[in-house]
Structures are given as structure tokens and as C-alpha cells.
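Each chain is listed here by its residues.
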Amino acid sequence: MSRASKGTAQGQVDGGRDLRIGNVTKRFGSFVAVDDLSLTVPSGSFFALLGPSGCGKTTTLRMVAGLEEPSEGSILIGDQDVTFAKPYRRPVNTVFQSYALFPHLDIFENVAFGLRRRGSKEVKKQVDDALELVELGGFAKRKPAQLSGGQQQRVALARAIVNNPAVLLLDEPLGALDLKLRRQMQIELKRIQTEVGLTFVHVTHDQEEAMTMADTIAVMNNGRIEQLGNPEELYESPTTTFVANFLGQSNLIRSSVTGTSGTDVQLEVHGGRLAMPQSRRNGATDDLLIGVRPEKIRISPTGQDANAEQNELLGGVVTDASFTGVSTQYLVRMPWGQELMVFAQNVGVGGVLAPGTQVDLRWDPAHTFALDGSLDAGAGVQRDEGATPVPVG
Amino acid sequence: MTVAAGIGLGERQAGAGAPPPAVTERRSRRKLTPYLLLVPGMAWLAIFFIAPIVTLLSTSTQTRPEGAEIGVFTQTFRFANYLDALEGYGPEFGRSFLYALLATVLALAISYPLAYAIAFKAGRWRNLLLVLVVAPFFVSFLLRTVAWKQILADDAWVADLLRALSVIGPQTHIINSAPAVVIGITYNFLPFMILPIYASLERVDPRLMEAAGDLYSSALTTFRKVTIPLSMPGIVAGTLLTFIPAAGDYVNSALLGNKDTTMVGNVIDSRFLRVVDYPTAAVLSVTLMASILVLVGFYIRRAGTEELV
């Protein structure tokens, strides 16, 4: 394995091969697919562009690959301006969603395709190493049609990696695989990226896939980057309602600022008083949407577990309880009509609270985040995954 | 077939003794079904292909007895008929294959870009263009060729234009010449070239071309290394569909050529219908057929598209 990584990564690692996208806009007619996007992907990182379909992530990728031309802006790899360079003149290779393997060539020739075009020496050794890296050593003489979807996916990866590109683009590479294989390939991809040390730019609409693999995620929506950061930052401290809802689930509650005490902000929520760290507040106005993740909330029957240190919302009624094994997911209707979601870990204390039970909700003030109250609280809610949207009161 | 065989095997393993009569009957009927389905086609081929071929072969070695009436021949197994005919009509054979080859190459050169444009660039005009490709078939083959007689005539605009541009001299004719015959053949078989090439290009995934570009291929290299190999089945089918009938064609030479452009087809035509020399006509037909078969065999092997077709 290490042999393979040396073989492909040799000689071209010069550190200065960051991918820099500067103020890029792409219009198709009057439709703006990518809107004034700026982004730097450091050399050697695993970067994910995450967003729903139509958010401009694939268009961004195609512009980096040279398959689309930006309407405005520039794309640089290291010091080389590739904005309008032909695809075959860029140090960039792509793993296509459909794999796009050449059906008339065997696996060896598919992987060797890029090397042969550049008149590379030692084609055989490099191709063998690349096939070894994706664990398809014995498949060189087969035709793509004779391989399974997962194997074709690996060939597509080997075919791109073998060229040792400055940037490797992955366009929803796991989209066509079934769930189990997808999990396996996520780990595999991460291993390969670590091993060869190439820059991976991975486009996906699957938040879990992005969080599992990427060092840095850019969440895209409507052609813009909503937020950029590592998976933990994005999850714990989303700065927009879109990110709060698109990555995992959030309870977003309308509130207004009543004052500050020390490093905390005092808030009023439908008659209740809450606090949160000033540092986690986004939005300068007094009208805020405060958010808390469902697994941060502790649920208990009314009157129990009172704790002055915690944020409290009292007087809820359980409307739905679904036991999922690891946790129980509750929907709790609050006095002002909003339903909040609570994930309670099944750690063995107490049974499942039946619907109709009067409950109080509590959480650590430090787990609260606040967003600008003018944002759409429903943005980024994924309805297709069976997740219950959390309406806002 | 595979299923039937599998069942048969299973039965043999399960019951060591003879299977019950009902099963045997059903099994034998199932085995017979494919052959029964073949009967109509086989019968058709036997009556209208194999029988005439036998007659043709038999006629080719017949001779006309001394003093017999016109059109009466007896079987004498005179294989020297073949030598006589090949000696006498060598140039006609040569021309047939030369014209057919030129027409095939020309048709390919015209058809490939056209099929490519229809497959990848035509957008919503695609169906209309395909109809236009087939449209000439609504007019008889003969009429279309006669039309070329007028287009290529000495006083028509093509000749005028070429003379004005000094491409041809003032006394040169286009009509009744070898080029006119090749032009006619090319034109007449064009759709047979365009349609198969279009059909195979249309199935080429454009994303493969993007992938080739991504892997350092210029547009030209992508065309050479991806597009052409993937459209090979269409090219092979198109060239065969053009070359085979073109080699046997006689209408174009008769209408657009002169006495020095005679092809084998013309000789067969006149031997059969005018001279009433059936053995010679049969010899030429058999030889033409055999040589096309050999050429096509070599060609397909060279093209190496067995697994793609």
C-alpha cells in the first residue's frame, strides 16, 4: 500500500497547489446556478461540497474540472489560472457519478488511459499500483461490464488517482451504491485519501457522508456557501437556519433578548426565561431564533429534576414517542403550540414516557445557539428522509 | 434452452429410474419447441435461397449442346466455364470492386460527420433529419439514378460551375464517366451507411467523452480513442451494407457510365437477359458472391468487432 502511495504521489507534492475559487458566478440563461462563490481548498485536504440538489455544487465541480466555464470569476490551482483552460490541460481528475468507464477497454486500459495520453513512463507499474490501492489487483483484464457497481466505482477512482492530480473531484461517487456498500466505501475513500495525500473535493447531498469523510465542509444553498467549517463546528454552531436544519435536526424557537449578564445573553421565550453564551449568538437584532439539538435536551415528567443552572421549558405534553433502540424520539407540544423534538438516550433509567405525559424540557445553556430572527426557520428541512419537520411557534 | 437442460439434469439426478411417461412427453415437447419455431424460416430459406443457389451452381457448369435452340443447356460439369469467364471479364470484376470500394469510402466520409451531427448536435431537429435521410427511398432507385443523369449532364449547372472554376476542361464530360458511376453508387447507398453509424453513435454516452477530456485527451484524441471505437459496430455494418450491394450494382454504370465503366453486374445482366448465356451469367454470379464473402470475412476479422456487434 505504501508502495502505491509513493508511486503516485512522488515528485509533484509541492504544497502550493491549493485550489482557489474566486468570486465565481455561473449563469444558465437567467438562472444563477453559482452566485459569487469564493473558496479555498488547501492542498491535501478532504473537502466536501454539501447541499441539496440544485444548490450549485455540481456546477461548481464541473467548473473546476473544466466542463463548464464560469460566467465571472477565476479558478486557480496553485499559481496556475485554469479558469478557461481546457479540461485536458488541468491537473484535475474527476470520479464521475456514473463512473463513465470506457466499455471498449479493459480495466487496465481504463486506468492507463490518462497515463497514456500524457506519454507517461512505467504505465504498467503505476496502473498495477493503483489497482492494488483500490483492491482490484486481479481484475486488470476484465471489461467494465463484468464488474459490480462497487467495483466499477473503485476502477473510476483508480483511473483518476493514478494521474496524481493536484485536485481530485468526486461527483456524488457513492450515489449509485446501496447503503451498506456506501458506508464501506466512505471508510475506504477516507483511507485512500489519507494514503495518497491528494486533495479531494467531494460533492454530495448526503450530510452523513460529508461529515464522515471530510475535514472541511462547505454547505451550499442557492448557489452560495451558507457556512464553511469542520463537521463539528457546522453541527454544534450552525450560523444559518439552513445549516441548522440540513445537517441533522434542530429545534428552532422564536425568542427575544432581554439583556446580558456577564458572558451570557438573557432571553425570553413565550414567557419563560433562558440564557445562552454570547459567543454562540449569530444575529445582532434582539429578535432571535434560538436553536437546540434534539439529543441535547433532557426530558422529565413535570416537577422532577428541577435545576436552576439549566435552561427550562415547562408545561410540555408528549404527543409522540418512538422507541428506536439506541434512543427514544419524542415529539413534545409546548404551551404555545410548537412541537419540539427530543432524542433521549436509552440508558436504562425509567421507561418510555407515554403520549399525553406532562413533561419539562431542560438543557445546558452552553448547548444553545442563536440565529438571526429574520431567517426562514424551515430552510433546509429535509422532508424526503422521513424526518419530521419541526414547526416554529 | 439452458432452463430445459437444467430441468433435465435435475430429473436424472432425482429419479434414478425411468421418469414417469407424462414428464417424458412434456420434456420432449419442450425440447422440440425451438425447432418448431425455426420451421417457417427454414422452409422459406430452403425454397427461396438454398434451392436457387443449387440451381445457380448447377447452371454454372452447363454448356449449350451443338445446334441446340437458344436457352437450352445441358449439364456437362464443365468447370472450365469459370476460367473462361474470369479470363474474359477480369476488368469488369476489378472495376466492380474498385467502384464499390471508392463509393464505400466516399459514403463513409460523408456519412460519419452527418451521423455524428445528427446524434450529438441536432437537438430537436434530430427526427426531421433522420426522416430526410430516408426520404429518397420514397422515390424509385431507377428514378433517382436518372435524376443524376440530368444533374451531371453537360449543360447542367454542375458541369457549368466546374468549367467556370477551371476544375475541368471545356471538353470534359462528367456524365458517362467512371466518376459519375462512383458518385451515383455513393449517393444511392448513403442511407445504408448513415443509419447504422447513427444508431451506434446515438448509444455512445456523451459522459464518456467528458471523461476522456478529463483524462488529458484533446477533442481529436477523444474522437480517435473513444468515439470511433465505440461506433465501430455501426461503421462495420454501414460499410458492409454499402459495399456488398454496390459491388453487384449495374444500374449506375448503365445509366451514368460508358462502355469502359462496365461492371460485373452489367455483364450478368446482359448475359442473362440479352445474350441468353445462362452458364456464363451463373459463373459470374457465383464468383462475385464467393469473392464478396471472402472479402467480408477478412474485413470483419480485421475490424475485430465480434464482441461489440
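Residues numbered from 1 in each chain as written. Chains lettered and ligands numbered in written order. Predicted model: local features only at pLDDT ≥ 70, side-chain atom pairs only at ≥ 80, totals over all residues. Heavy atoms only, no water.

Asker: I tried to follow the side chain of A:Ser250 on my own but got confused; where do I start?
Answerer: Residues and elements named next belong to chain A. Mapped onto the secondary structure, Ser 250 falls in the loop between helix H9 (241–246) and strand S11 (251–261). A relative accessible area of 3% places Ser 250 in the buried class. Of the polar contacts made by the side chain of Ser 250, one reaches the side chain of Arg 293; its length is 3.1 Å. (Helix = DSSP H or I, 4+ residues; strand = E, 2+ residues; numbered from the N terminus. Buried < 20%, exposed > 50% of the residue type's maximum accessible area, 1.4 Å probe, protein only. Polar contact = N/O pair within 3.5 Å; in protein donor to acceptor, adjacent residues only side chain to side chain.)

Asker: Hey, could you run me through the environment of B:Thr55 in this one?
Answerer: Residue and element names in this part refer to chain B. Tracing the sequence through the fold places Thr 55 in helix H2 (residues 21–60). The exposure class assigned to Thr 55 is partly exposed, which follows from its relative accessible area of 47%. C-alpha separation for the pair Thr 55 and Gln 75, spaced 20 residues apart in sequence, amounts to 11 Å. Among the polar contacts made by the side chain of Thr 55, one reaches the main-chain carbonyl oxygen of Ala 51 at a distance of 2.8 Å.

Asker: Would you take a moment to explain the sheet that holds strand S17 (residues 327–333) of chain A for this structure?
Answerer: Strand pairing in a sheet is mediated by backbone hydrogen bonds. Such pairs are either parallel or antiparallel. Residues and elements named next belong to chain A. Pairing is antiparallel in the open sheet, where five strands are placed in the order S15-S19-S16-S17-S18. In this open sheet, the two strands that pair with only one neighbour each are strand S15 (298–301) and strand S18 (339–345). Neighbour-to-neighbour, the strand axes of the sheet open up by a mean angle of 45°, direction not taken into account. Relative to S18, S17 is paired through seven bridges, and the arrangement is antiparallel. (Pairing = 2+ DSSP bridges. Axes fitted to C-alpha atoms, helices over the stretch in contact; angles between N-to-C directions.)

Asker: Can you walk me through the domain arrangement of chain B in this structure?
Answerer: The extent of an interface is frequently quoted as the accessible surface area lost upon association of the parts. Domain annotation for chain B reports domain 1 (22–54) and domain 2 (86–308). Relative to domain 2 of chain B, the C-alpha centre of domain 1 of chain B lies at a distance of 37 Å. (Domains from an automatic or database assignment.)

Asker: I tried to follow the interface of chain B and chain A on my own but got confused; where do I start?
Answerer: The partner chain A presents 23 residues to the 18 residues of chain B that form the contact. With both chains or domains summed, chain B and chain A bury close to 1,900 Å², and 64% of this area falls on carbon and sulfur atoms. Along the contact surface separating chain B from chain A lie one salt bridge. At the surface where chain B touches chain A, the tally comes to six residue pairs in polar contact (both at pLDDT 80 or more). Among the elements of the structure, helix H8 (206–214) and helix H9 (219–248) of chain B are those that each provide at least two residues to the side of chain B that touches chain A. (Contact = heavy atoms within 4.5 Å. Buried area = accessible area lost by both parts, 1.4 Å probe. Salt bridge = Lys/Arg side-chain N within 4 Å of Asp/Glu carboxyl O.)

Asker: What am I meant to see in the packing of helix H3 (residues 80–121) of chain B against helix H7 (residues 178–202) of chain B here?
Answerer: Relative placement of two packed helices is described by the angle separating their axes and the distance separating the axes. Residue and element names in this part refer to chain B. Closest axis-to-axis distance for the H3/H7 pair is 6 Å, and the angle between their directions is 40°. Judged by the inter-axis angle, H3 sits oblique to H7. Helix-helix and strand crossings are classified by hand; for H3 and H7 the assignment is right-handed. In terms of residue class, the contact of H3 with H7 is built from 24 nonpolar, three polar and one charged. (Parallel < 35°, antiparallel > 145°, perpendicular 65-115°, else oblique. Left-handed = near helix turned anticlockwise from the far one by under 90°. Nonpolar A, V, L, I, M, F, W, Y, C, P; charged D, E, K, R; others polar.)

Asker: Honestly, helix H4 (residues 123–133) of chain A in this entry has me stumped. Any pointers?
Answerer: Every α-helix winds through 3.6 residues per turn, so residues three or four apart in the chain are directed the same way. Every buried residue of H4(A) is accounted for by A:Val123, A:Gln126, A:Val127, A:Asp129, A:Ala130, A:Leu131 and A:Leu133. Just downstream of H4(A) lies A:Glu135, where phi reads positive at about 60°.

Asker: I would appreciate a short explanation of the packing of H3(B) against H9(B) in the present structure.
Answerer: Residue and element names in this part refer to chain B. Packing of H3 against H9 brings their axes to within 9 Å, and their N-to-C directions diverge by 140°. Judged on the interaxial angle alone, H9 and H3 are oblique. In terms of crossing hand, the pair formed by H3 and H9 is right-handed. Taken together, the residues of H9 that come into contact with H3 (itself represented by Ser 96, Phe 97, Ala 100, Leu 101, Thr 104, Ala 107, Leu 108, Tyr 112 and Tyr 116) are Phe 223, Thr 227, Ile 228, Ser 231, Ile 235, Thr 239, Thr 242, Phe 243, Ala 246 and Ala 247.

Asker: So what exactly am I meant to see when it comes to empty space enclosed by the protein here?
Answerer: Empty space among the atoms becomes apparent when a probe as large as a water molecule is rolled across them. Residues and elements named next belong to chain A. Applying the stated rule across the entire model yields two cavities of 30 Å³ or more. What the largest cavity holds in volume is close to 40 Å³. In terms of lining residues, the largest cavity is bounded by Leu 19, Ile 21, Leu 39, Val 41, Leu 49, Thr 60, Leu 61, Val 64 and Val 201. The set of elements that each furnish at least two residues to the lining of the largest cavity consists of strand S1 (19–28), strand S2 (31–41) and helix H2 (57–65). Looking at the lining of the largest cavity, the element that brings in the most residues is H2, giving three residues. (1 Å grid on protein atoms, 1.4 Å probe; cavity = no way out; pocket = protein on both sides within 12 Å on 5 of 7 lines; lining within 4 Å. Points joined across faces, edges and corners; volume = space filled by probe spheres on them.)

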